[in-house]
Amino acid sequence: MEKKPRWVGREFAPREVSSISLALLLAAVLLLNALLYLSLNKFYISRGGPESDPGLCPFGYFKWGAAKNCSPWLSCEAINREVRKLKRVGEGAVKKVFLSEWKENKVVLSQLTNSELKEDFLHGLKMLKALQSKHVVRLLGYCEQQFTILTEYHPLGSLRGLNETLHIPKYKGMNTWHRRLMLAIDYVSVIRYLHSSPLGTLVMCDSNDLDKVLSQYLLTSDFHVLVNDLDALPLVNRSAGKLVKCGHRELQGEFVAPEQRWPYGEEMPFEDDLMPPYDEKTDIWKIPDVSNFFLGHVEGSDIVRLHLFDIHAACKKKNPAERPSAQEILDTYRKVLTLLVQEAAMPGAREML
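Quick caveat, the model's predicted, so the values are computed rather than measured. (Residues numbered from 1 in each chain as written. Predicted model: local features only at pLDDT ≥ 70, side-chain atom pairs only at ≥ 80, totals over all residues. Heavy atoms only, no water.)

Caption draft 1: Inspection of the overall build of the protein at higher detail. Across its full length, the protein carries 10 helices and 11 strands. Across the 353 residues that make up the protein, the buried fraction comes to 45%. Summing over all exposed atoms, the protein offers an accessible surface of approximately 19800 Å²; the carbon and sulfur share of this is 55%. (Helix = DSSP H or I, 4+ residues; strand = E, 2+ residues; numbered from the N terminus. Buried < 20%, exposed > 50% of the residue type's maximum accessible area, 1.4 Å probe, protein only. Areas by Shrake-Rupley, 256 points an atom, 1.4 Å probe, with all protein chains shown as cover.)

Caption draft 2: Quick look at the layout of surface pockets. Its boundaries defined by the atoms lining it, the largest pocket holds a volume of some 1500 Å³. For the largest pocket, the lining is made up of 49 residues, of which Lys95, Asp206, Lys212, Gln216 and Asp229 are closest to its centre. Counting only elements with at least two residues in the lining of the largest pocket, the list comes to β3 (83-91), β4 (95-102), β5 (105-112), α3 (118-130), β7 (148-152) and α6 (210-215). A per-element tally of the lining of the largest pocket places α3 first, with five residues. (1 Å grid on protein atoms, 1.4 Å probe; cavity = no way out; pocket = protein on both sides within 12 Å on 5 of 7 lines; lining within 4 Å. Points joined across faces, edges and corners; volume = space filled by probe spheres on them.)

Caption draft 3: Spotlight on the environment of Leu202. With respect to the element layout, Leu202 can be found in strand β8 (residues 201-202). Sequence spacing of Leu202 and Asn237 is 35 residues, and the spatial spacing of their C-alpha atoms is 9.2 Å. When residues no more than four places from it in sequence are discounted, the contact partners of Leu202 are Met127, Leu131, Leu194, His195, Ser197, Leu233, Pro234, Leu235 and Asp283. (Contact = heavy atoms within 4.5 Å.)

Caption draft 4: Examining the nonpolar core more closely. Judged by nonpolar contacts, the single largest core of 73 residues is most densely connected at Leu131, Leu181, Tyr187, Tyr217, Phe294 and Tyr333. No other element matches the 12 residues that helix α5 (residues 177-195) contributes to this core. With residues up to four places along the chain from it excluded, the contact list for Phe294 reads Leu159, Leu162, Arg180, Leu183, Ala184, Tyr187 and Val225. Core analysis: the second largest hydrophobic core is formed by 10 residues, Val236, Val244, Trp262 and Met275 among them. (Core = buried A, V, L, I, M, F, W, Y, C linked by side-chain atoms within 4.5 Å.)

Caption draft 5: Structural detail: the sheet that holds β3. What the five strands build is an open sheet, ordered β3-β4-β5-β7-β6; its pairing is antiparallel. Looking at strand neighbours, the two that pair on one side only are β3 and β6 (139-143), the edges of this open sheet. When strand polarity is set aside, the average angle formed by the axes of neighbouring strands in this sheet is 25 degrees. Here β3 runs beside β4; their pairing, made up of seven bridges, is antiparallel. Note that in β4 the partner of Gly90 across the bridge is Val97. Together, β4, β5, β6 and β7 form the strand contacts of α3, whose direction differs from that of β7 by roughly 40 degrees. (Pairing = 2+ DSSP bridges. Axes fitted to C-alpha atoms, helices over the stretch in contact; angles between N-to-C directions.)

Caption draft 6: View of the packing of aromatic side chains. For the structure on display, the rule yields 11 aromatic pairs. Judged by centre distance (5.5 Å) and plane angle (45 degrees), the ring pair of Tyr171 and Phe223 falls under tilted. One end of the pair, Tyr171, is in the loop between α4 (162-166) and α5; the other, Phe223, is in the loop between β9 (217-219) and β10 (225-227), with 52 residues separating them in the sequence. Under the relative-accessibility criterion, Tyr171 is labelled buried at 13%. We note Lys85 situated over the ring of Phe98; from NZ or CZ to the ring centre the distance is 4.1 Å. (Phe/Tyr/Trp six-rings, centres within 6.5 Å; stacked < 30°, edge-to-face > 60°. Lys NZ or Arg CZ within 6 Å of the ring centre and 35° of its normal.)

Right under this line is the structure:
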């Protein structure tokens, strides 16, 4: 009589196989979500506040590159002795900008252009010193007597050249909805930082049109956004009843917020003394237009715009008090990024579940 083997292979019914497959898929989705959460959370923390910056030094010091120790800001004497101008790379109403060299490193030397605007120049220097963080260009030194500021050099320049940069073969791989949304998140992070800065609520006044906004920010070599020009950054102090006005001339156009425009019609000539002041919600009004530039017209960017539609509509509320805070916008952007990254990683998971 033939003996039967003690172990017999088990055949799974189709329904049982389907259940096991579903369980494995669920486990994979949960694991993927956990990994995405951890990686994105790590990114947010690394791009968070100044306290998380490993390169941050005590006030009056800086550290860059591979240096382990902090160095004091360069003095007038050190700048005059050690910094060599190479060429002029820009000039605005307040200052001229020179690509320069310091100890075989490229740096940027800014000098006052018009003596009548020295208060603006000194205000920018004051802001630059007080707001050093991951969101602000690194200050290397200054000479107040000679109206000179020395900062870190970023070869990709201002955000005005973003689209041109993304068409360079070296950076074409960065030209995706994902990377562009991360740049928009960086930008909103800067606004959030300014609105809750160590000095109080600051308004980005050099922002009367898109081109002007983009010129105030730098694109780093690792594709992050830094604010560079802080010459026009007035303080809102609600407890003291102090609001702001961005300059003394009439502002026009759809880019600036409604409360920044002359409210009394064309029949009444503009008078600065009669122009009502406003608060930081003018920055919020402009965020959708700036983010639209960041998103560009790459594959997937319209999907991102669709997910951001509601928060951007809220930014465009005519009543400033009804607009969201920069923190609320930042939270929404981060949620959208997380959601879309998850969907891109598991495109068929939702239908299978």
